[in-house]
Each structure stands twice: as C-alpha cells, then as structure tokens.
Amino acid sequence: MDFAEHGMKIASQSPLYTRAAHAPRESDRETGSKHRGDPAAPAAERPIYARARLACPAWLKQATFRDDTAVAARDGQWTADHPAHGFGDSLHRHLALRWMHDSAVASDQIGPATHAATRRRQLRAIPDAGYLAEQYGLRTVKNHVPLHPRHPRQDMPHGLRIAHDLSAEYQRDAPHPGLRQQCLGIYQGLGHAHPADRVLFVNSKTNASRILARLRHDHLKSASKTLDRWKIASGLKKVAAGKVRPLRPGLVAIEFKSGADAAKAEEMLKLLGGRPSIHAVNKLAHQAANPGPAPSRLEPGLDNRKALLELLSEDGKEVISALQRLPDGHAMRSTANAAVSVLAGLRTALAGKADSPEFRHDPLIANAFGALTDLARALPALTEDSARFFPAYAALLEELHLLLASSKPYEDADFKQAASAMLKARAGPVLEALHIAEPETYLVSSGMEAISMGIDAARKLSGAKRTQPLAQQEKLPDYFESLDLRSEGRKWLDKDRIRIAPLNPSRPWMKEDDSANSWDAEKLIGRMEAWLGAGKMDAGSPAVLVLDTTIEQRKPEGRSDLEAVLTRLRPHIDSGRLKIVLCKSYQKYTSLGSAKIMAGGVTVIARDDAKTRAAAAKLRKAERDLGWMGNDESQLLTHFMTHAHASELETIGEAARNAAFIDKFCFDAARRSGKIDVRREEGLPFMIIGDGALHEGKRRLSRQLEYRDSFGFLASSMLDVTDEGAGLRITAGRETREELVEKLYGFGWMHETGLKQFTPADVAKEVERLAADAVEAVLRESGEGPRAPATPGEPGRPAENRLTGQLRMLGRAFAPRLADGAIRGGDVNAMRMAIRRGPAGLAGSLESSRYASNAVASLLAMCGMAFDPEDMADDARQALESLYDAVLGAGLPGVSPATRAHIVLDWSRLRIRKLGSPDADAQGAAVNELVRHVRLSSYRETGAKVFAGIPDRTFARLGSSEQRQLADAMFAPLDAESRRLFIRALKRGNEAAKLGACMEILEEDRQAAEGRI
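Here the residue numbers are simple positions, counted from 1 along each chain's written sequence. Local features in a predicted model are, by the rule used here, given only for residues with pLDDT of at least 70; side-chain atom pairs are given and counted only at 80 or more, and totals for whole chains, interfaces and linings are based on all residues. For side-chain calculations, the full set of non-hydrogen atoms in the structure is used, while hydrogens and water are omitted.

1. Some details on the overall build of the chain
Helix and strand assignments follow DSSP, with helices taken as H or I runs no shorter than four residues and strands as E runs no shorter than two, numbered in order from the N terminus. Of regular secondary structure, the chain possesses 43 helices and 16 strands. For the chain, buried positions account for 60% of its 1013 residues. In the chain, 77% of the contacts between residues at least 6 apart in sequence involve partners at least 24 apart. Accessibility throughout is a Shrake-Rupley quantity obtained with a 1.4 Å probe, and a residue counts as covered only by protein chains that appear here. Only carbon and sulfur atoms are counted for the fraction: they give 51% of the accessible area of the chain, which is about 39300 Å². Relative accessible area decides the class of each residue, using a 1.4 Å probe on protein chains only: under 20% of the type maximum gives buried, over 50% gives exposed, and in between gives partly exposed. The contact criterion used is simple: two residues touch if any of their non-hydrogen atoms lie within 4.5 Å.

2. Looking at the pattern of salt bridges
Salt bridges are identified by distance alone: a Lys or Arg side-chain nitrogen within 4 Å of an Asp or Glu carboxyl oxygen. Throughout the structure, instances matching the rule amount to 63 salt bridges. Close ionic contact of Arg499 with Asp496 constitutes a salt bridge, the shortest N to O distance being 2.6 Å. Owing to a relative accessible area of 9%, Arg499 belongs among the buried residues under this scheme. Under the relative-accessibility criterion, Asp496 is labelled partly exposed at 24%. Among the salt bridges present, the one from Glu735 reaches Lys743, with a minimum N-O distance of 2.7 Å. The pair Glu735 / Lys743 is uniform in exposure class, with both members buried.

3. Focus: helix H18 (residues 363-378)
Helix span is expected to be 1.5 Å times the residue number reduced by one. With 16 residues, H18 should reach 22 Å at 1.5 Å per residue; the first-to-last C-alpha distance of 23 Å fits that figure. Counting buried residues along H18, 16 of its 16 residues qualify, which places the element largely inside the surrounding structure. Here a polar contact is recorded for every N or O atom pair within 3.5 Å, except that within protein the pair must consist of a potential hydrogen donor and a potential acceptor, and residues adjacent in sequence are included only if both atoms are side-chain atoms. The opening residue of H18, the one whose side-chain oxygen lies 2.8 Å from the backbone nitrogen of Leu364, is Asp362.

4. Comments concerning the packing of helix H36 (residues 874-889) against helix H37 (residues 897-915)
Every axis in this analysis is a line fitted to C-alpha atoms, fitted for helices over the stretch in contact. Angles between the N-to-C directions lie between 0 and 180 degrees. Where H36 meets H37, the axes come as close as 11 Å, and the angle between the chain directions of the two elements is 125°. Classed by the angle they form, the pair H36 and H37 counts as oblique. Handedness of the crossing formed by H36 with H37: left-handed. Between H36 and H37, the residues in contact are Arg877, Leu880, Glu881, Tyr884, Asp885 and Leu888 and Ile903, Asp906, Trp907, Leu910, Arg911, Arg913 and Lys914, respectively. Residue classes follow a fixed rule: Ala, Val, Leu, Ile, Met, Phe, Trp, Tyr, Cys and Pro count as nonpolar, while Asp, Glu, Lys and Arg count as charged, and any other residue, Gly among them, counts as polar. When its residues are assigned to classes, the contact of H36 with H37 shows six nonpolar, no polar and seven charged. Just so you know how the angles are binned, under 35 degrees is roughly parallel, over 145 roughly antiparallel, 65 to 115 roughly perpendicular, and the rest oblique. Should the near helix be turned anticlockwise from the far one by less than a right angle, the crossing is termed left-handed; should it be turned clockwise, right-handed.

5. A word on the side chain of Ser107
Secondary-structure assignment places Ser107 in helix H5 (residues 84-110). Take Ser107: its relative accessible area is 10%, and that puts it in the buried class. Leave out the neighbours within four places in its chain, and Ser107 touches Ala113, Asp975, Glu977, Ser978 and Leu981.

6. Quick look at the nonpolar core
We call a set of buried residues a nonpolar core when its members are Ala, Val, Leu, Ile, Met, Phe, Trp, Tyr or Cys and they connect through side-chain atoms within 4.5 Å of each other. Judged by nonpolar contacts, the single largest core of 116 residues is most densely connected at Ile211, Leu346, Phe369 and Leu396. Sort the elements by how many residues they give to this core and helix H19 (residues 386-407) lands first, with 13 residues. In this structure Ile211 touches Leu200, Val202, Ala265, Met268, Leu269 and Leu272, once residues within four positions along its chain are discounted. Core analysis: the next-biggest nonpolar cluster, separate from the first, contains 103 residues, Ala670, Leu880, Phe982 and Cys998 among them.

7. Regarding the packing of aromatic side chains
Any pair of Phe, Tyr and Trp rings, taking the six-membered ring for Trp, is counted once the centres come within 6.5 Å. Such a pair is stacked with planes under 30 degrees apart, edge-to-face with planes over 60 apart, and tilted for the rest. Under the defined criterion, the tally for this structure stands at 17 aromatic pairs. Between Phe665 and Tyr745, the aromatic rings sit 6.0 Å apart at their centres with planes inclined by 55°, giving tilted as the arrangement. With a gap of 80 residues between them, Phe665 in helix H28 (residues 645-672) and Tyr745 in helix H30 (residues 737-752) connect regions that are remote in the sequence. On the accessibility criterion, Tyr745 (7% relative accessible area) is buried. Ring plane angle 40° and centroid distance 6.0 Å describe the contact between Phe971 and Phe982, whose orientation is recorded as tilted. A residue pair is termed long-range when its members are at least 10 positions apart, and Phe971 in the loop between helix H41 (960-970) and helix H42 (976-988) and Phe982 in helix H42 qualify at 11 residues. On the accessibility criterion, Phe982 (4% relative accessible area) is buried.

8. Observations regarding the pairing of strand E14 (residues 728-731)
Burial along E14 is two-sided: Leu728 and Ile730 and Arg729 and Thr731, pointing in opposite directions, are all buried. Pairs of strands are assigned from DSSP output, requiring at least two bridges between the strands. Alignment of strand E11 (residues 686-689) against E14, held across four bridges, turns out to be antiparallel. The residue of E14 that forms the bridge with Met687 is Ile730.

9. Structural notes on the sheet that holds strand E3 (residues 251-255)
In space, the three strands of this open sheet follow the order E1-E3-E2, with antiparallel pairing throughout. Across the chains shown, the open sheet's two edge strands, defined by having one partner strand only, are strand E1 (199-202) and strand E2 (243-248). Each strand axis lies, on average, 25° off the axis of its neighbour in the sheet, ignoring direction. In terms of strand pairing, E2 meets E3 through five bridges, oriented antiparallel. Within the sheet, the bridge partner assigned to Pro246 lies in E3 and is Val252. Packing of helix H8 (residues 177-189) onto the sheet brings it into contact with E1, E2 and E3, and relative to E1 it is tilted by some 105°.

10. What about unusual backbone geometry?
At Asp128, a position not held by glycine, the phi torsion is positive, near 60°. Inspection of the secondary structure puts Asp128 in the loop between helix H6 (115-124) and helix H7 (131-134). What makes Asp128 partly exposed here is its relative accessible area of 39%. The phi dihedral of Ala595 falls on the positive side, at around 60°, and the residue is not glycine.

11. What to know about the sheet that holds strand E10 (residues 678-679)
Think of a sheet as strands paired side by side through backbone hydrogen bonds, with each pair either parallel or antiparallel. The five strands lie next to each other as E10-E11-E14-E13-E12, forming an open sheet whose pairing is mixed. The open sheet has two edge strands with one neighbour each: E10 and strand E12 (706-707). Relative to E11, E10 runs antiparallel, the two sharing two bridges. Directly across from Val678, in E11, lies its bridge partner Ile689. Here H28 sits on the sheet and contacts E10, E11 and E14; the angle it forms with E11, its principal contact strand, is near 20°.

12. Comments concerning the pairing of strand E8 (residues 578-585)
Here E8 lies mainly inside the structure; eight of its eight residues are buried. Both faces of E8 are covered, namely the face carrying Leu578, Ile580, Leu582 and Lys584 and the face carrying Lys579, Val581, Cys583 and Ser585. As paired strands, strand E7 (residues 543-548) and E8 are joined by six bridges and run parallel to one another. Its bridge partner being in E8, Leu547 is matched across the sheet by Leu582. Bridge count for E8 against strand E9 (residues 600-605) is six bridges, and the pairing is antiparallel.

13. Examining the environment of Asp875
On the secondary structure map, Asp875 appears in helix H36. Put simply, Asp875 and Pro760 are 115 residues apart on the chain and 9.6 Å apart in space, counted from C-alpha to C-alpha.

14. A look at a positive patch on the surface
On the surface, Lys205, Lys460, Lys618 and Lys621 cluster together into a patch of positive charge. Topologically, Lys205 is positioned in helix H9 (residues 205-224). Patch membership is restricted to residues that have no salt bridge and whose relative accessible area is over 30%. Joining uses 9 Å for like charges and 5 Å for the nonpolar side chains Val, Leu, Ile, Met, Phe, Trp and Tyr. When charges are counted, neither His nor the chain ends are considered; positive counts come from Lys and Arg and negative counts from Asp and Glu. Charged groups are reduced to one reference atom each: NZ for lysine, CZ for arginine, CG for aspartic acid, CD for glutamic acid.

15. Section: the environment of Ser90
With respect to the element layout, Ser90 can be found in helix H5. Linking Ser90 and Val828, residues 738 residues apart in sequence, is a C-alpha distance of 5.7 Å. Ignoring anything within four residues of it in the chain, the contact list for Ser90 reads Gly826, Asp827 and Val828.

16. Regarding H42
Over its 13 residues, H42 runs 18 Å from end to end, which matches the ideal 18 Å to within 8%, given 1.5 Å per residue. Among the residues of H42, those classed as buried are Ala976, Glu977, Ser978, Arg979, Arg980, Leu981, Phe982, Ile983 and Leu986. N-cap assignment for H42: the residue whose side-chain oxygen lies 3.2 Å from the backbone N of Glu977 is Asp975.

17. A word on the confidence of the model for the chain
pLDDT is a per-residue confidence score from the predictor, ranging from 0 to 100. Per-chain confidence: the chain averages 84 in pLDDT, with 82% of residues scoring 70 or above. Contacts for the low-pLDDT stretch residues 1-84, under 50 throughout, to residues beyond four places or in other chains number 156 contacts. Across residues 788-800, confidence stays below pLDDT 50; counting only partners more than four residues off in sequence or on other chains, it has 17 contacts.

18. Here's the deal with the environment of Gly463
Note that Gly463 resides in the loop between helix H22 (447-462) and strand E5 (467-469). Looking at Gly463, the relative accessible area reads 51%, which means it is exposed. Sequence-wise, Gly463 and Ala543 are 80 residues apart; in three dimensions their C-alpha atoms are separated by 9.9 Å.

This is the structure in structure tokens:
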C-alpha cells in the first residue's frame, strides 16, 4: 500500500468520514423513509448514510458560526415561553443542513467531477436506469465560463456545478456537435447512407416541408433578379428534390443533392425553428444502442408513495413554510416561491400515478425523491447566499425532471389546460368578454418556431403574405431574428394586413427619456390604433397582429400588460377587423431558470369564422405532426405552467427592479459624465452597454456574470448583441443588492474614469474616495460630525490604516440587525427572515454609503481578473498588495460569501509568492497572513484552493510548524469526502510535501477516534 492509499484508508476510518451529499444508499430504502436525512431524528433511527453525513468535527463545535447573516442573542433573553433548547434544536438543524450542503459543494469544487457528473454516476448504479441517468445536467443553453487561463479552479462559480458535455450553447441555433453525431448514428443505423454533409435533421415532416418551401422561395427570389428562367426552373427542381425521411418520432432527415443546399437549409432551420429535442435525440440514441424492450428495474420492496407523502408531510411542510416566510423585498423570494409551487404541486401531479407499480417500485424515482428531499431541506439555510442558493435550486429542478420524466403524469390535454389557465390569469376578465373562438394554445419546439408558425397562421387568417413590423421607428424593438421573417409579399397584389411586434423588447434602445426609440404596451396600442385607423380592414379582410408575448410585465392581481392590449383593442377584435396571434417562447422566464426546456406556444385570438378555423386546423396539424408533448422535458414545462406560472411574472418584476438599481447605483456616474451609453426600458430586466463593438470589459466581468446566449436565468448574465449597433446586453438576475453592487460597480467605474488599462493606484484612489465619502455621510447623519477614524498599527502606512478603520466603521454602522421582537423567537429560519440590513437610527438617504463596502469589494474583484501577479511590475504589485492588506484588515464586513472567496483567492496569489522568501521572518509573516485571511471566507473549499495553489517545492522549504499551520487552516476544516478528493489530487500532482502534512492530520484523527489521544 503506497503513502496516498494509506491516507485514503485513514480517511475512511476517520470520524469525519462522509459520503457525497444528496446520494441515498440502498440502506436508505431498507430502513424506510420515516427519518431519511432528518437531523432531528434519533441517531439509531436514522439511515446509516445520514448519521455519517452529520458527523461534525471538533473544530466546528468550537468555532463561531459564521453565516453572512449573523444572529447575536443577548444573555437573559430566553424565557419559560421560549426555552433555550427550542432554539438550540433549531440551530443544530440549521447547522447540520448547511454543513451537509457545503460538504457537497466542497466535493464538487475540490474533486475532478461536478455535482452533475457525480449524480450521473450514482444513477448509473441503479440497474437499468437507462437514458435518464445519462441526461442529468443536460441543458438547452449553457453558461460559457471564460475563466482565468492560469487559475481555472479558483475562478469557478461557488456552488454545485450542473453541467453536461452535450449541453448546447443555444439549442435552436448552436447545438452541441454531439447532437448531430447522435442523429447521424440513428440515421445510419437504419441503413441510410446519403453523404453526411448533405443531410439535415429536423423535428417533424411539417418543418421539413416549411424549410424546403423557404429554400424554393429564396432561390426563386434570387434568380428572378437576373431574369434567368433556366436557372429558376432547374434550381426549383433541384431544391424540390430534397428527400424527406422520417426516422423516429421527433426526428426527420432531409437529404439534399448538394452540400450548399444543406448549408442553406441549416440557416432556414435556425430561422424557422425545428431543431430536434436534445433530450429526445439522446433518448433515441440510447435506444438504438440498446435495442429490444427495456428491462424492468422495479423493486417490489420499494414504495415511493411513502416518499411522496414524506416530502409533503409535516416535515415537508416545514420546508415549504420556511421558504414561504421570506419577507417582501427579500432577494430570494421569487425563486423560493417558485420552489414552493413546484414542490407543493407534486401531490396533485403524481396523484394519478402513486398507486401504479411503475411509480411505487421504481428505484430511480426513489433515488430522485431522496435527493429532492435533501435539496429542499437545504434551501432555507442558503437564502442569504445566492451563489449557493441558485445552484441548489437548479439541482432541485434536475431531480424534479427525473421524477416527472420517469412517471410522466402529464398528457396533451394537461398542457392545453395549463396554457389556457395561464392565458386567462394573464389576460384577466377581458378574455371571457371577447367575442372570439375559444383560444387554444399549440405547442411548438421553440420561440422562433412560434413566431414563424404564427406568421404562417396570420397568412391563413388574412389571405395576405406581406409581413412588416408594427413599430415605425429608427430602432425596432422586435426580436432581431424575427425581422428576417419580414416579407413584401406580392407587391402588386398584397395589402398591408400583417404586422409583427413584441409586447416588450429584449433589446432596449431607449436612452433615458428618448421616447422615440422606446417600446411598451402603451406604445404598441397607439401604433395599432394608427395602423387600423389608416387601413381599410373589415371582417372579410381583417388585419392580423403577430404578437411576441415572451416578455410580459406584471400588473395588479397577477395579470400582465397583455390585459391592457386586449382591453383597448377589444372593439376591433369583436368586430372581426382584427385578429391576434400570440407567440411565446417558453425557454425564457416560463422555464423558471431551469435551462432544461426549448419550446414555444401559438394562440389565436380571433372571431370564429372560416379563416380562424382554417388557421387553427393548420396549427393543430403541425402540433400533432411534431408531437412535442411526447418529449420528457415537456413534462417539466407542463408542471411549471400548471403550478408555478405566477412565478414567471414575479421573477421578471424582481429582475426589472434590480436592473433599475444597477443602472442607478453602478452606471449613473459614468453616464452623467458621458463615458457610457446605457439603454434600458422601465419595467424590464435588460441593459444594453456600448456601441456595437465587442465590449472590452467582458473578460473582466466573466467571473462576476454568467455569459449565456439567452436570458431568463436566476443569476445576472451578459451577452454580446452586436447587430444594428447594439452592444453588451446585461440581464439583471435575482441576487441581493449587495451582490449586484459587487458584480457590477467596478464595471461601471471602469467606464466612469475612461480608463482602458487602469492601474492598482487608480483602484486605490477610488476605494479611498468611496470609504471617505461613506464615512462622512454616516457621521453627518448620526450627528457626530465629520472625522476620519484611524486604526493604530504599522508605522509608515497611515493610508492603509485609515482605510481599514473607515471600512470597519461602515461595517458597524450597517451591520445586520434583527427586527423588533424577533430575538425572542425559537426558530433559526424565522430569525434569519427577520434580519434587517438597514442602519439603526440613520436616514434612508444613505443608500450609497450602505453599499460602499460592496463597491470596494467589486473593485478588488475586478482587479483579480485585470492583473496577474506574475505579469506585474514590482511597484504595481506592491501597490496592489497594500490595497488588499488595508481592505482585508477590516474583515470585509457586509461582503457576500462568494465575493469574499474570490478576493481571498486573488490576494493569496500575491501572498504565496512571499512563502518562497529566503527570509524566515518574511515566510512566517506570510504564513500568518494566509491563515488569518483564509478564515474570512465561509466556504471551506476556499482554504483548500489556496493550499492547492502553493507550489509543493515552496511548501517543502517551510518549517514544520509553518507547514502544520497551513494544513490546519486549509485542510483540516474539510469534511472527509473532500479530504479524500483533495488527497487524490495531491497524489496525482506528485505533491509529496503537502501530502505528508495532510496525512499527519488524518493519522491524528484516526488515533483520536480509537481513543489513543
């Protein structure tokens, strides 16, 4: 047995040994579900895996619990009505749940496998788990992570990673190449041998026909410009020869005679929609590789009805209640409400399946239930840390997808009912009052297919082909790809009968009060009235509005701004002069941040007549041919629409308020100085920054914001939108205000100063200004008068000491406090919900001072992406070190856990250099500073990342006491599973010195467990 293997054995024998969180063992099913994972249950009654996971090391018992919302209870507050043991039990439960979740995250961050990869491995261990085990973490749009090339692990997001190798950049127009390879494998496996570069895969015969028709139209249009009749005739014949081959449900091949036609068809596919489902193709590929009937995986000894009842039992209701208690204005409230809705909806959704053997005895469902329950219980403990909360919520939705895809409780009629209920809730009473045919929503494969099919339906409704934007302004608000669907039609015959428009834009053009380029429901109504008033429309020759309702704004009583449109246009609709086709992308906010869904819906709002019935028949035929409801992800979509559609508008509203806050706090100064262009519409979550060029600040933001080819996610994101003079689109997420400042203040300041390549001295100047202005405002409002507090200490560095003192003062002034009466409570979650972050007795006008510490943290976080210690001149590096020393010396009060971790990791790269100093005193000082500042991060894996960044040869030259200090601070706090993974990494890297220090700690733990020490 070699040295590392011996370490693994010691780790497994240690009392700290834990298995990966959220992974129920077989023993869980054997012991029943009564106390699955319940920290409050007696140890003897809990499953073995739960007892192991709750093992708590001595250091945690002695440590001060440090969450970013600290609870400070005064002595003597507990009375007979509120005994201390009640609070103690609640605190223990909270600590245990947070400990378990943080352990799972630490394993994800330290080990070689993401949480999703670990779950896939666990699911594969279930006999005959099939394709669903392989699809965990598969998404239709992924987060691009442009990390620092030298420090990828330090810069990764600080939560569970939900990733899959086949996830798409954006499924409709940029699918993973592996999707095409799977399609080709199915195609060739069926005996087809057409050249691969001449084959296109689509999702239905209807869409294959639409693509071929569009190709013929474009060829005719191009050739007619040259009056080359021979070219027209031969070209049409050539394109028409494209052969359509249905392969499997949801997968159709088009064979072309030339690669050029296949390439053009691919562009048509992106425009019209029609990409096969990533989940469906993966399922078909698995079935092709495993022919024959799927073996049964049922276990008669299982009863998943108990798991369902447990999730919704009193204990489950406690989880739901904890999430529901988030106060108004809490950043996580909208996401928590979505979680509550989808969890509570399981009782109704699974009621018809609960008694079936396929549900009761399925081990995959049992496994998903166990993981779902663990995650649901952890969420209330994570509500003050979006970097942990959002990924945990995303993991919960993955488990929900497993449950619904396995049990398939929803059918076509359920989607129809959910879509109808959602439309009625959004449109309000006017929908029932309209003289129209009963609206029916048709399910299609994407938002762009919804718009293009909506235009096809509009042509049936109007008898015309000309299709133009409704907006008449320099910068059109329409979704940019939809503008490629414009058509002049037959100019000498077609009248102006079809207009397209968005209810709200996803690319705002308005600058401050620039109403000329604004767009909202009111402006849409005004343009409609003008268009209808100028034309000669009637019931026999109606106007048709193709309305993109992907983004709706929340109005009173849960309605949206769609209500105002239908109400104001009601006379035209009732008379038959106007018909409206609603088109909606479901992969945006309707998908509740899951990134699992690619779908769209089309609904006709029109008086009942022959044209309306013809359009409905066309849409119904296309829907049946597509069969999108047969895809697994449509189960998740229908569940969201049935039980949580109100959360869509709630989340848009919260994100819009955050966008207004970002614009004011982070960008206002730069805009007033003329150094930045910000385009934003009130009530929407989008901001466009820049003038169309690829924004130079994108890389510096890449650690702060997700980079996604879409929007509607939980966290703030960005995307280059470079067509027609746009720029970098920032979509506000649902983080806390403190986190939003930390993510974007530095980005705004970079524009405000006009600095292309700022220096550490420039940053220090802005940090000192922020702190001084904030302290002066606090003192002025508190009546103490202006003064500059100083912290005694290192001579010769008064500036740093003054800054440290100022930041400490701000930390005290804006420290979180419990609301009146909350101190007497006995429930930790209730007390956490009562945290108030506003200053006690200070004016509300101190908003800029309140977030000053977060703005300082933002500047430092941007430094971490702008500067690399290895590439800096000595004077610049020293200036940066001095700035870090002053800020870290104050303890980073009020800074979020994720930004704390980034700053500590960035600073450690500077300080680790000093460990190699030949001066023993300098080495000792560097060790002491590393140990002290690593403790500023509440994430246990931060210390392990710092430890991993120390070169082994540098560590080997340290004295034994210094080595032990570092190992105690950075390795010992880890749970045993994370220790095991860390040791494996050290072994792979041949880092013998650090491995030896870790082994020494493990050996002492083993001896302590055996009672030797």
